[in-house]
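Topology and contacts: notes
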Amino acid sequence: MINNLSVVHILETLAFITGCVSMVVVLYGTLVSFLSFLKNEIRRISGKFSYQRIRVLRADLGTYLLFGLEILIASDVLKTIIEPSFMELGILAGIVVLRTVLSVFLNREINEIEKDRRERRDYPENFQ
């Protein structure tokens, strides 16, 4: 039979791993976005710089941030199961509110980008 201490240890380990995965997703998205930003800035020299590419880049970065926050929410749910304190619940609520606000604005930005893509032929499809 599994005792409570081993279940708590498993949940703590899972929460830690999930939190690390969240950090990796955010760092990876930041790195990819930064490299794409540099490519776009280098294109200034050849006159191929595009403000639309910056908008797409921001939406891509926002998507990585949202995904990282989703994973972080899972980590915090596990932590709250282990230690259901008001502090943990407050952290979880804060992350959920942040994720919701980011999601609303990101969805608006993505919809505007998609509308612009449909209306303009010169809009960048993929600039990675």
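Predicted model only: the values in this text are computed from it and were never measured.

1. Considerations on the UniProt feature "transmembrane region" (unreviewed entry) in the protein chain
Per the UniProt record, the feature "transmembrane region" (unreviewed entry) sits at residues 14-35, 56-74 and 86-107. Measuring from the first to the last C-alpha atom of residues 14-35 gives 31 Å, for a span that is 100% helix and 0% strand. Secondary structure content for residues 56-74 is 100% helix and 0% strand, while the C-alpha to C-alpha distance between its ends is 28 Å.

2. Digging into the confidence of the model for the protein chain
Mean pLDDT over the protein chain works out to 83, with 91% of the residues at or above the 70 mark. When mean pLDDT is taken per element in the protein chain, helix α1 (residues 4-46) scores highest with 91 and helix α3 (residues 86-119) scores lowest with 83.

3. Structural notes on the packing of aromatic side chains
Applying the stated criterion across every chain, the model contains 1 aromatic pair. Where Tyr28 meets Tyr64, the ring centres are 5.7 Å apart and the plane angle is 75°; that geometry is what we call edge-to-face. Of this pair, Tyr28 sits in helix α1 while Tyr64 sits in helix α2 (residues 51-82), and the two are 36 residues apart along the sequence.

4. Focus: α3
Under the 1.5 Å per step criterion, the end-to-end length of α3 is 49 Å for 34 residues, consistent within 8% with the ideal 50 Å. Those residues of α3 lying buried are Glu88, Leu92, Ile95, Ser103, Leu106, Glu109 and Ile113. In this structure, the buried residues of α3 make contact with α2.

What counts and how
- Residues numbered from 1 in each chain as written.
- Predicted model: local features only at pLDDT ≥ 70, side-chain atom pairs only at ≥ 80, totals over all residues.
- Heavy atoms only, no water.
- UniProt positions renumbered as here; feature names shortened; annotations may be inferred.
- Helix = DSSP H or I, 4+ residues; strand = E, 2+ residues; numbered from the N terminus.
- pLDDT = per-residue confidence, 0-100.
- Phe/Tyr/Trp six-rings, centres within 6.5 Å; stacked < 30°, edge-to-face > 60°.
- Expected span 1.5 Å × (residues − 1).
- Buried < 20%, exposed > 50% of the residue type's maximum accessible area, 1.4 Å probe, protein only.
- Contact = heavy atoms within 4.5 Å.

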